[in-house]
Amino acid sequence: VGVNLNTASPSLLQHVAGLNKTTAAAIVKHRSIKSRFNTRSELKEVRGVGEKVFRQCAGFLRIHNGHLLDKTPVHPESYGPTEKLIRILDAEGSRQGI
């Protein structure tokens, strides 16, 4: 299950792991000023979202029309290995005509 970071209400965001009522309101306020989040890592710019909170919530938040993996449940700390696997599988598929 994932929550769209650019459309979710504060009441929905506060149910995401690591977020509470205060951080959820800060996310929505930040979003209203900035207009949208383009990557999950931009969440760290929100007051009250430090590294610990980010690690807890990032895998549950989705951003469409951004980084390919930001719309998946893959956690940002796993992007490197996941991108490597995608390249390997893409190369393998190309060799097999897939």
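A quick note: this is a predicted structure, and the numbers were derived from the prediction, not measured.

### Details of the nonpolar core
Here is step 1 of the chain: Leu5, Leu13, Ile27, Leu43 and Leu61 are the most contacted members of the largest nonpolar core, which totals 19 residues.
Here is step 2 of the chain: At the level of elements, α2 (21–34) and α3 (51–57) are the ones that each hand at least two residues to this core.
Here is step 3 of the chain: Not counting the four nearest positions on each side in its chain, isoleucine 27 is found in contact with Leu5, Leu13, Leu19, Phe37, Leu43 and Val46.

### A short note on the pattern of salt bridges
Here is step 1 of the chain: If you walk through the whole model with that rule in mind, you get four salt bridges.
Here is step 2 of the chain: For glutamate 45, the salt bridge identified is with lysine 34, shortest N-O distance 3.7 Å. Taken together, the residues glutamate 45 in the loop between α2 and α3 and lysine 34 in helix α2 connect sequence positions eleven residues apart.
Here is step 3 of the chain: The salt bridge involving glutamate 51 is made with lysine 44; its shortest N-O contact spans 3.4 Å.
Here is step 4 of the chain: Classification of lysine 44 by relative accessible area gives partly exposed; the value is 38%.
Here is step 5 of the chain: Via salt bridges that share partners, Lys34, Glu42 and Glu45 belong to a single interconnected network.

### A short note on the confidence of the model for the protein
Here is step 1 of the chain: Mean pLDDT over the protein stands at 90; residues scoring 70 or higher make up 93%.
Here is step 2 of the chain: Within the protein, no element has a lower average pLDDT than helix α4 (residues 79–95), which sits at 82, and none a higher one than helix α1 (residues 10–13), at 96.

### Some thoughts on the environment of leucine 85
Here is step 1 of the chain: Relative to the helices and strands, leucine 85 resides in helix α4.
Here is step 2 of the chain: Sequence spacing of leucine 85 and isoleucine 63 is 22 residues, and the spatial spacing of their C-alpha atoms is 21 Å.

### Quick word on the packing of aromatic side chains
Working definition: an aromatic ring pair is given by the centre-to-centre distance plus the angle between the planes.
Here is step 1 of the chain: Inspection of the entire model under this criterion finds zero aromatic pairs.
Here is step 2 of the chain: Across the ring face of phenylalanine 54, the terminal group of lysine 44 is positioned such that the distance to the ring centre comes to 4.6 Å.

Rules of the game
- Positions within a chain are numbered from 1, following the residues in the order the chain's sequence is written.
- Local features in this predicted model are restricted to residues whose pLDDT is 70 or higher, and side-chain atom pairs enter the listing and the counts only when it is 80 or higher, whereas totals over whole chains, interfaces and linings include all residues.
- Side-chain metrics rest on all non-hydrogen atoms present in the structure, leaving aside hydrogens and water.
- What makes a nonpolar core is a set of buried Ala, Val, Leu, Ile, Met, Phe, Trp, Tyr and Cys residues whose side-chain atoms join them at distances within 4.5 Å.
- Each residue gets one of three labels from its accessible area relative to the maximum for its type: buried under 20%, exposed over 50%, partly exposed in between, using a 1.4 Å probe on protein chains only.
- For the purposes of this entry, the term helix denotes a DSSP run of H or I that reaches at least four residues, the term strand denotes a run of E that reaches at least two, and both are numbered from the N terminus.
- Throughout, a residue-residue contact means that at least one pair of heavy atoms, one from each residue, lies within 4.5 Å.
- Here, a salt bridge means any side-chain nitrogen of Lys or Arg that lies within 4 Å of a carboxyl oxygen of Asp or Glu.
- Per-residue confidence from the predictor is given as pLDDT, running between 0 and 100.
- Within 6.5 Å between ring centres, the rings of Phe, Tyr and Trp (the latter by its six-membered ring) count as paired, and their orientation is classed by plane angle as stacked under 30 degrees, edge-to-face over 60, tilted in between.
- Charge over a ring is defined by NZ of Lys or CZ of Arg lying within 6 Å of the ring centre and within 35 degrees of the ring normal.

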